[in-house]
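Examination of the molecular architecture
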Amino acid sequence: MRWFVRGCAWLCETQGAAACGERREPWCGLSSGCPRCAACLCFVAQSKAQSDLRAVGARIGRGFSWTLISSCKRPVGRIFQPTHSIQLTRSSLLLPYRCTSEFSLRVQSSFWKMHEEIQKMKEIILIYLDRSGGLEKFVHDCKKYNDSKQSYAVYRFVISINPSDVAELDATLGNYILHRPMKAAGIFQSVCFIAIKTLSLIEQLQTEAQISILLKPTHLPPLPSYVLSLSAFPFNYTSKRFYMSEGIVIAMGTVTKYTQGARFLCTGETCPFSEGFRYIRVHLPGATESATVRNDFVCSLCSSPLQEDMKFRVLGDKQIVEMIDAKVLHALKGYSDRKSHFRIQTFTVFLRDELANRMTIGNHYKIIGIPACVQNGPQATAFIEVSSVELCKPNGPSFIGENFKYLLSLTSSSCWRFTATLANIFASQVVPPGTYNTLKLAILLSLVQTCEIENADYLDLLIVTSDTLIIDRLLNYSLCLLPRGIRHPSSSDIFPAVSKDKHGTGSASIQACSALLAQGGICYIGDFSSYKKDKLELLQSVLESRTTTLFIPGKKYGEEADQQVTISIQTNFWSYVDVGSSPKKQTARDSFLIGQMDLSLIPPNLLDVFGLLIYSEFPSCQLSFPVVHHVLQKAINPEAMLYRVSQQFRTQDYEEFISFAKNLHVQLSSEAENLIQGYYLASRRVRRDSLRGSKLSASALKILISLSKAHTKLSLRKKVLEEDALIAILLFESSLTLKYGKSALCIEPNALFPFDLSDENSLQQRDIYLLQCHHQLLQFIGAYSPGTYVSTNEE
């Protein structure tokens, strides 16, 4: 019986032939009906890269050159004698040359159709790798293995795949990659093995089973069938194909080891499989450690037990991550007008090897991977084996609403009018326009000063009030204007904590809390009085350094040594102090300066690290009539629009406005910088005592710059002016007055809004008043910081 092989002449070594040592040289032939391309044959001899590619293509099954691939439609059919023998296993595609029965003819016909399809895909793979640069990277990776002169059980290669480009070359191969990635990886494995043997890339490589291919698609088609929702039910984890999903990292374990691959040998002394690399176990997506390495494997030739050769075990890094759908952020906000209901569930993600430590806890990621399910006793655990990770960065709108544009044009005559009018009408769904203007301006400044960049400018708010109900409603409403606005429940931890991994590994797992879920946004921690001393001390440490450090004891979590993990906290914090709840009998301070409040409920060190201290205008027993009327009307009809500005400036309009404003990149002008520095130096000289020295902390200058930039963003400008610095200084001086009393600058308690902004005339009066404050500030700087250069405007 003769053997017929489509392609080059390979040495066939079936299982039976291997046992007796018989070797057969099969007859090889291809149809020579395809016309030759003279240009291709000329180019073959001119370039080694082209000749190498032609040799690999010949070993795959057809002879062609690179020029032929790129320009000719029909490949050249030729007969090639191989320079390397490729051992074919039982699953190799070989059939007898002659078949007599009708059933055999049908089987042979279907076989050759499938075989031709696979051969075509192999050729397309070679073409794609060459065009995309993957072949060059593959050769470079092979060189690293070959230079090490060390024999491995598994040679691992990561191949980046663009499904769109592959589908344009061959739709069948594209379909294999998207829907049958395991099968596609096997075809890539065959092509890579032929390339290695043909070009002698790795001398130590013996069998095709030693090659492990990991396909990493760059993207998936933007269709619903390729999106795996972490909150949808039922969850499809049995298809073993690529899906795309998004979520927020809420827990992350430490990096541990897993078995990438292992070599097994037959224990039978006379068995030919007792040596060499016949039995290689490689980790596949969805497989557990016991599926790769265990002690009950048997030889397929002699049925003897297999034993692992431990010195050839290949280990890799593994990290377990818990993710949750981004919709959870809506559930963690204190107030929302969204009426939708949804299901929220965490999901386990496995990061392996080069993907370990690619995620940061609290961030939003888009992942591509293969879902799988592991049966652990009676309980089944679904997870995703990730192949690629991409950080999701929200793109803010490139425009603002027409009503805001019109308001900006009306107030363009002054640098102060737009922000004043904005603060006056802000949150009209919660409080009447014209009330709590200073607090609303501070809230708007803190909202636009949020970003996910390390070492950014932060603006924390601490509000002193005796009317917690109104203040709480106002802060809850403002949280919803940001994608990452989190109201912290007092029963849980503000900052990350360490616990034992729930998947049975015994390793440590870091749990994200409110501060990390509010990454790049606002964390509203509520009333100070609800927290114990240790929590407040931790909050103070975080506000000072913008980091938190976790200690992981090695003995407790199965590690050899203790670990310390430092996590960045990129969040603004809001809180309030209820002065009405303080005991009547308090220890009196030695002295109170003019304007100073009794803030004995707040630890002094914690009071200094907050950027702004704001006092609400109305005590609970003296609420103005508009506030009382508003509260009663909302209690009767919560959906009512009580003011015209509520219809003109909706909540969605504010969301778009803040998203646009906070993404503006602003620069500090020299005039604004000189004004801030002059005020800072003068205040340090004025506000000091004989015991502690200056009362201004080192962070005061940074807070002033942050306030100035925030006012510039809120004004929709890109350069910080003296007018912005003046607003920042007045806000900061008001905060210092609440802490330490009035200074030589001696500003009014309500310096930013001395008049009710009812018409244009009141805005004009406010501009005149702020110009007077500016002149007063220049005199203050000249008196107490004479060496500072500050520009003056005689006009």
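Residues numbered from 1 in each chain as written. Predicted model: local features only at pLDDT ≥ 70, side-chain atom pairs only at ≥ 80, totals over all residues. Heavy atoms only, no water.

**Some words on the overall build of the protein**
The condition is simple: Each helix is a run of H or I in the DSSP string that is no shorter than four residues. Each strand is a run of E no shorter than two, and both are numbered from the N terminus. The rule is simple: take the accessible area with a 1.4 Å probe, protein chains only, and divide by the maximum for that residue type; under 20% is buried, over 50% is exposed, in between is partly exposed. Throughout, a contact is declared for two residues whenever any of their heavy atoms are within 4.5 Å.
A tally of regular secondary structure across the protein gives 25 helices and 26 strands. Taking all 795 residues of the protein together, 51% fall into the buried category. Counted over contacts in the protein with a minimum sequence separation of 6, partners at least 24 positions apart contribute 74%.

**Here we look at the sheet that holds strand S18 (residues 522-527)**
How we decide: A pair of strands counts as paired when DSSP detects no fewer than two bridges linking them. A fitted line through C-alpha atoms represents every axis, and for helices the fit uses only the stretch in contact; the resulting angles, taken between N-to-C directions, go from 0 to 180 degrees.
With parallel pairing, the five strands of this open sheet are ordered in space as S15-S18-S21-S14-S22. The sheet is open, and its two borders are formed by strand S15 (485-487) and strand S22 (612-615), each paired with just one other strand. The sheet shows a mean angle of 20 degrees between the axes of neighbouring strands, direction not considered. Bridge analysis of strand S14 (residues 461-465) against strand S21 (residues 572-578) gives five bridges, and the strand direction is parallel. In the sheet register, leucine 461 faces S21, and the bridge partner there is tryptophan 574.

**A few points about helix H8 (residues 171-179)**
Worth spelling out the cut-off: Two N or O atoms form a polar contact when they lie within 3.5 Å of each other; inside protein one atom must be a possible hydrogen donor and the other a possible acceptor, and for residues adjacent in sequence the pair counts only when both atoms belong to side chains.
When we look at burial in H8, the residues that qualify are Leu173, Gly174, Tyr176, Ile177 and Leu178. N-cap assignment for H8: the residue whose side-chain oxygen lies 3.3 Å from the backbone N of threonine 172 is aspartate 170.

**Re helix H17 (residues 533-545)**
Rule in force here: Given the number of residues in a helix, its expected span is that number minus one, multiplied by 1.5 Å. Think of it as the arc spanned by the lines of direction from the helix axis to the C-beta atoms.
The terminal C-alpha atoms of H17 lie 19 Å apart, and with 13 residues this matches the ideal 18 Å at 1.5 Å per residue to within 8%. Residues Leu536, Leu539, Gln540, Val542 and Leu543 constitute the buried set of H17. End-on view of H17: buried residues confined to an arc of 165 degrees, all on one side of the axis. The exposed set on the far side of H17, more than 90 degrees from its buried face, consists of Lys533, Asp534 and Glu544. Turning to H17, the residues buried within the fold contact S18, strand S19 (547-552), S21 and helix H18 (604-609). Note on H17: the residue one or two positions beyond its end, arginine 546, has a positive phi of about 60 degrees.

**Some points on the packing of aromatic side chains**
Condition: A pair of aromatic rings is counted whenever rings of Phe, Tyr or Trp (Trp by its six-membered ring) have centres within 6.5 Å, and the orientation is called stacked for planes under 30 degrees apart, edge-to-face for over 60 and tilted otherwise. Sitting over a ring, as applied to charges here, requires NZ of Lys or CZ of Arg to be within 6 Å of the ring centre and within 35 degrees of the ring normal.
Overall, the coordinates contain 22 aromatic pairs when judged by the stated rule. Judged by centre distance (5.5 Å) and plane angle (75 degrees), the rings of phenylalanine 404 and tyrosine 654 are edge-to-face. Of this pair, phenylalanine 404 sits in helix H12 (residues 402-410) while tyrosine 654 is found in helix H21 (residues 651-662), placing the two residues 250 residues apart along the sequence. Residues phenylalanine 404 and tyrosine 654 agree in their burial class; the two are buried. When the ring centre of phenylalanine 312 is taken as origin, the NZ or CZ atom of arginine 263, which lies over that ring, is 4.7 Å away. Over the ring of tyrosine 258 we find arginine 352, and its NZ or CZ is 4.5 Å from the ring centre.

**Details of the environment of glutamine 375**
The residue glutamine 375 is located in strand S12 (residues 364-376) in this model. Overall, glutamine 375 belongs to the exposed group, its relative accessible area being 53%. It is 9.6 Å that separates the C-alpha atoms of glutamine 375 and threonine 288, two residues lying 87 residues apart in sequence.

**A short note on the pattern of salt bridges**
This is how the line gets drawn: For this document, the term salt bridge refers to a Lys or Arg side-chain nitrogen within 4 Å of an Asp or Glu carboxyl oxygen.
Tallied over the entire structure, the rule returns 22 salt bridges. With its nearest N and O atoms 2.6 Å apart, the salt bridge here joins lysine 216 to glutamate 354. With lysine 216 in strand S5 (residues 211-217) and glutamate 354 in the loop between strand S11 (346-352) and S12, this residue pair connects regions lying 138 residues apart in the sequence. Residue classification places glutamate 354 among the partly exposed residues on the basis of a relative accessible area of 34%. Notably, a salt bridge pairs arginine 487 with aspartate 472, separated by 2.8 Å at the nearest N-O pair. Residue arginine 487 is located in strand S15, and its partner aspartate 472 is located in helix H15 (residues 468-479); the two are separated by 15 residues in the primary sequence. Residue classification places aspartate 472 among the buried positions, given a relative accessible area of 16%.

**A look at unusual backbone geometry**
In this structure, lysine 149 takes a positive phi of about 55 degrees despite not being glycine. Tracing the backbone shows lysine 149 in the loop between helix H6 (134-148) and strand S4 (155-161). Its identity is not glycine, yet tyrosine 436 carries a phi of approximately 55 degrees, on the positive side. Summarising the element assignment, tyrosine 436 is placed in the loop between helix H13 (417-425) and helix H14 (437-448).

**Side note on the packing of helix H23 (residues 700-714) against helix H24 (residues 722-740)**
This is how it is decided: Orientation labels follow simple angle bins: below 35 degrees gives roughly parallel, above 145 gives roughly antiparallel, 65 to 115 gives roughly perpendicular, and whatever is left gives oblique. It is the rotation of the near helix from the far one that decides the hand of a crossing: anticlockwise by less than a right angle makes it left-handed, clockwise makes it right-handed. Three classes are used, and their members are as follows: Ala, Val, Leu, Ile, Met, Phe, Trp, Tyr, Cys and Pro are nonpolar, Asp, Glu, Lys and Arg are charged, and the others, Gly among them, are polar.
Between H23 and H24, the shortest axis-to-axis distance is 8 Å and the interhelical angle comes to 130 degrees. With respect to H24, the element H23 is oriented oblique. Both H23 and H24 take part in a crossing whose hand is right-handed. Residue-level contacts link Ala700, Ile703, Leu704, Leu707, Ser708, His711 and Thr712 of H23 to Asp724, Ala725, Ile727, Ala728, Ile729, Leu731 and Phe732 of H24. Counted by class, the contact of H23 with H24 contains 10 nonpolar, three polar and one charged residues.

**A closer look at the confidence of the model for the protein**
Selection criterion: Confidence per residue, as judged by the predictor, is encoded in pLDDT with a range of 0 to 100.
Summary statistics for the protein give a mean pLDDT of 78 and a share of 78% for residues scoring 70 or more. In the model, residues 584-594 has pLDDT below 50 throughout and makes 16 contacts with residues more than four positions away in sequence or in other chains.

**What to know about the packing of H13 against H14**
Angle between the axes and distance between the axes are the two parameters that describe a pair of packed helices. For the pair H13 and H14, interaxial distance at closest approach is 8 Å and the crossing angle is 110 degrees. One way to sum up the angle between H13 and H14 is to call them roughly perpendicular. Residues Thr419, Leu422, Ala423 and Asn424 of H13 form the contact with H14, whose participating residues are Asn437, Lys440, Leu441 and Leu444.

**Focus on the side chain of threonine 259**
Residue position: threonine 259 is located in strand S7 (residues 256-266). A distance of 2.4 Å separates the side chain of threonine 259 from the side chain of glutamate 289, its partner in a polar contact. Filtering out sequence-adjacent residues up to four positions away, threonine 259 remains in contact with His283, Glu289, Thr292, Val293, Arg313, Val314 and Leu315.

**Brief notes about the side chain of serine 414**
Position of serine 414 relative to the elements: it lies in the loop between H12 and H13. Residue classification places serine 414 among the buried positions, given a relative accessible area of 14%. In terms of polar contacts, serine 414 uses its side chain to reach the backbone amide nitrogen of tryptophan 416, at 3.2 Å.

**Thoughts on the environment of methionine 323**
The residue methionine 323 is located in strand S10 (residues 314-324) in this model. Along the chain, methionine 323 and threonine 348 lie 25 residues apart, while their C-alpha atoms are 6.4 Å from each other.

**Considering the state of the cysteines**
To be explicit about the condition: When two cysteine sulfur atoms lie within 2.5 Å, the pair is treated as a disulfide.
Evaluated as defined, the whole model comprises zero disulfides. Counting only cysteine sulfurs, cysteine 142 is the nearest neighbor of cysteine 192, a cysteine outside any disulfide, at a range of 7.5 Å. The thiol of cysteine 523 is not disulfide-bonded; the next cysteine sulfur, from cysteine 513, is found 9.8 Å away.

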